[in-house]
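Per-entry structural report
Here is how the chains run, residue by residue.
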Amino acid sequence: MEGRANSPGEPRAWPTRSVLCRGCVEPLVFLANFALVLQGPVTTQYMWHRFSADLGYNGTRHRDSCSNHSVDPIAQEVETLTSHWTLYMNVGGFLVGLFSSTLLGAWSDCVGRRPLLVLASLGLLLQTVLSIFVVQLHLHIGYLVLGRILCALLGDFSGLLAASFASVADVSSSRTRTIRMALLEACIGVAGMLASFIGGFLLQEQVYVNPFWLALAVLTVMTLYAAFCFGETVKERTPTRLFTLRHHRSVIQLYVTQAPEKSRKHLALYSLAIFVMITVHLGAQDILTLYELSAPLCWDSRLISYGSAAQQLPYLTSLLGLRLLQYCLADTWVAEIGLVFNILGMMVFAFATITPLMFTGYGLLFLSLVVTPIIRAKLSRLVRQSEQGYWKGIIIALNSRSFPRAPDLPGPKDRGQEEQREH
């Protein structure tokens, strides 16, 4: 019998599972974000045209009618239905994810990264299958909400990202960790831009099912890779109960228990700040797609794909800008600069009535994502090492399928002095 027997006081370790090859986690992040960005704008456009067909509305498909600024009550009803069902999908996914994420975060620290990666991949795959049924069979739009909820129950894209960044932290050294994290960020940005262009090409004839079939193929490959090719990075794995209230109690104690190394006031304020940032970022994506479909813009699928690609570009430009600005500014000032560009971009969107002005707003968001990794780094320093697993569950809850968990980026400044100023 190989190995030694565990003593009664020691947790029983799971045997190492054989895999076809010890693959890295970067392909999973690339394929997952590719599939999600491919489906995101397409889902909004499908709901728009589905409600337009049901109500007998086809005005915004013609450029001449877009120049007419008169209020069309049918067009307003189409916009209202599309925005309401988008809200139902997002709220349903958030509420379910708020419950499941606190369980899955700490659970993956014990049982390994592969189970969470496989669960999240299956959830994304199931959501895509339900979307195909809705498009092909003209089922009720409510099934899209059901798919979103089931996906959130199994971890969603945020859970996959949390496990991916954690697996990189498991196997990388302090010198190589920044490079690996930057590579994951680059995978997110490149996959998003590539999926945006391909999605616009597939929608030239308004055949909405084609992008979903491509996403299904990509997610199938990703699920098989996670199950059989990904190399587990947690060496000491122990069986742990998933459905237990201990994880939720630990999250509450994280905020109510006073400790010398953390401030409850700073912890609550930083958590509120990152929640507001992610809410604005995610909420703007669907709203912008809906606004681009409506008058006075009336964009077609090609222009919407360009806009979607522009939304993914900050994942690369913000990473580069953060690296450069950290050499001359403190992290707090870098975050302030990112907030200023966020505000400027949103202000331009609010008054944009022509296509060049919309892309100007997208250009002003090139530093919009430098804020979240800085806030996460500050939060991570306020939490003890033993509480990192539970804190990771909170981060998963605040994230969503299209917003990646940015790494805690080290800077050249003396972080010890900054911590003393904060406390």
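Remember, it's a predicted structure, so these values are computed and weren't measured experimentally.

**Focus: the overall build of the protein chain**
- A tally of regular secondary structure across the protein chain gives 17 helices and zero strands.
- Taking all 423 residues of the protein chain together, 53% fall into the buried category.
- Counted over contacts in the protein chain with a minimum sequence separation of 6, partners at least 24 positions apart contribute 84%.
- Accessible area for the protein chain stands at about 19,500 Å²; split by element, carbon and sulfur atoms hold 66% of it.

**Notes on the packing of helix α4 (residues 113-137) against helix α6 (residues 156-171)**
- Direction vectors running N to C along α4 and α6 enclose 155°, while the axes themselves pass 8 Å from each other. The angle between α4 and α6 falls in the class roughly antiparallel. Regarding α4 and α6, the two cross each other, and that crossing is left-handed. Where α4 abuts α6, its residues Arg113, Leu116, Leu117, Ala120, Ser121 and Leu124 lie against Asp156, Phe157, Gly159, Leu160, Ala163, Ser164, Ala166, Ser167 and Asp170.

**Topic: the pattern of salt bridges**
- Within the structure shown, the criterion is met by one salt bridge.
- Across the pair Arg148 and Asp156 runs a salt bridge whose closest N-O atoms are separated by 2.6 Å. We note that Arg148, like Asp156, is buried.

**Observations concerning a nonpolar patch on the surface**
- On the surface, Leu87, Tyr88, Val91, Phe94, Leu95, Leu98, Leu272, Phe275, Val276 and Val280 cluster together into a nonpolar patch covering about 850 Å² of accessible area.
- Breaking the nonpolar patch down by element, the ones donating at least two residues are α3 (73-111) and α10 (264-293).
- Of the residues forming the nonpolar patch, the biggest block, six residues, is contributed by α3.
- Topologically, Val91 is positioned in helix α3.
- Residue Val91 is classed as partly exposed on the basis of its relative accessible area, which comes to 39%.

**So, the packing of aromatic side chains**
- Summed over the entire model, instances satisfying the criterion amount to eight aromatic pairs.
- A ring pair is formed by Trp299 and Phe359, whose centres lie 5.3 Å apart and whose planes are at 15°; its orientation type is stacked. Taken as a pair, Trp299 in the loop between α10 and α11 (301-312) and Phe359 in helix α14 (residues 355-364) lie far apart in primary sequence, 60 residues in all.
- Accessibility expressed as a relative area gives 28% for Phe359, which makes it partly exposed.
- A network of ring pairs unites the aromatic residues Trp299, Phe349, Phe359 and Tyr362 as a single cluster.

**So, α4**
- Look at α4: 36 Å from first C-alpha to last across 25 residues, which is about the 36 Å you get at 1.5 Å a residue.
- Backbone geometry just after α4 places His138 at a positive phi near 55°.

**Here we look at the state of the cysteines**
- If you walk through the whole model with that rule in mind, you get zero disulfides.
- Cys187 carries a free sulfur, and the closest cysteine sulfur to it, the one in Cys24, is 8.2 Å from it.

**Section: the confidence of the model for the protein chain**
- Overall, the predicted model of the protein chain reaches an average pLDDT of 79, with 77% of residues at or above 70.
- Of the regions scoring below 50 in pLDDT, residues 1-16 engages in 15 contacts with residues more than four places distant in sequence or in other chains.
- Contacts for the low-pLDDT stretch residues 400-423, under 50 throughout, to residues beyond four places or in other chains number 77 contacts.

**Considering the side chain of Thr289**
- Tracing the backbone shows Thr289 in helix α10.
- In this structure the side chain of Thr289 is engaged in a polar contact, spanning 3.1 Å, whose partner is the backbone oxygen of Gln285.
- Apart from residues no more than four positions distant in its own chain, Thr289 is found in contact with Pro41, Thr44 and Ile304.

**A look at unusual backbone geometry**
- Note that the residue after Ala295, namely Pro296, is joined by a cis bond; omega there is 10°.
- If you trace the backbone, Pro296 turns up in the loop between α10 and α11.
- The phi dihedral of Asp156 is positive, around 65°, even though this residue is not glycine.
- With respect to the helices and strands, the residue Asp156 is situated in helix α6.
- Even without being glycine, Cys298 reaches a positive phi, approximately 55°.
- Structurally, Cys298 is set in the loop between α10 and α11.
- Take Cys298: its relative accessible area is 3%, and that puts it in the buried class.

**What about the environment of Val37?**
- Relative to the helices and strands, Val37 is located in helix α1 (residues 26-55).
- Relative accessible area serves as the criterion here: at 8%, Val37 is assigned to the buried category.
- With 268 residues separating them in the primary sequence, Val37 and Ser305 have C-alpha atoms 9.9 Å apart.

**Considering α6**
- Look at α6: 24 Å from first C-alpha to last across 16 residues, which is about the 22 Å you get at 1.5 Å a residue.
- Counted residue by residue, α6 has 13 buried out of 16 residues, so it is predominantly covered.

**Examining the packing of α11 against helix α12 (residues 314-325)**
- Relative orientation of the contacting elements α11 and α12 amounts to 25°, with a least axis distance of 5 Å. On the basis of their axis angle, the class for α11 and α12 is roughly parallel. Residue-level contacts link Ala310, Gln311 and Gln312 of α11 to Pro314, Tyr315 and Leu316 of α12.
- Classifying every residue of the contact of α11 with α12 by side-chain character gives four nonpolar, two polar and no charged.

**A short note on the environment of Thr80**
- Relative to the elements of secondary structure, Thr80 occurs in helix α3.
- Sequence separation between Thr80 and Leu290 is 210 residues; the distance between their C-alpha atoms is 9.9 Å.

What counts as what
Residues numbered from 1 in each chain as written. Predicted model: local features only at pLDDT ≥ 70, side-chain atom pairs only at ≥ 80, totals over all residues. Heavy atoms only, no water. Helix = DSSP H or I, 4+ residues; strand = E, 2+ residues; numbered from the N terminus. Buried < 20%, exposed > 50% of the residue type's maximum accessible area, 1.4 Å probe, protein only. Contact = heavy atoms within 4.5 Å. Areas by Shrake-Rupley, 256 points an atom, 1.4 Å probe, with all protein chains shown as cover. Axes fitted to C-alpha atoms, helices over the stretch in contact; angles between N-to-C directions. Parallel < 35°, antiparallel > 145°, perpendicular 65-115°, else oblique. Left-handed = near helix turned anticlockwise from the far one by under 90°. Salt bridge = Lys/Arg side-chain N within 4 Å of Asp/Glu carboxyl O. Patch = residues over 30% accessible without salt bridge, like charges linked within 9 Å, V, L, I, M, F, W, Y side chains within 5 Å. Phe/Tyr/Trp six-rings, centres within 6.5 Å; stacked < 30°, edge-to-face > 60°. Expected span 1.5 Å × (residues − 1). Disulfide = S-S within 2.5 Å. pLDDT = per-residue confidence, 0-100. Polar contact = N/O pair within 3.5 Å; in protein donor to acceptor, adjacent residues only side chain to side chain. Nonpolar A, V, L, I, M, F, W, Y, C, P; charged D, E, K, R; others polar.

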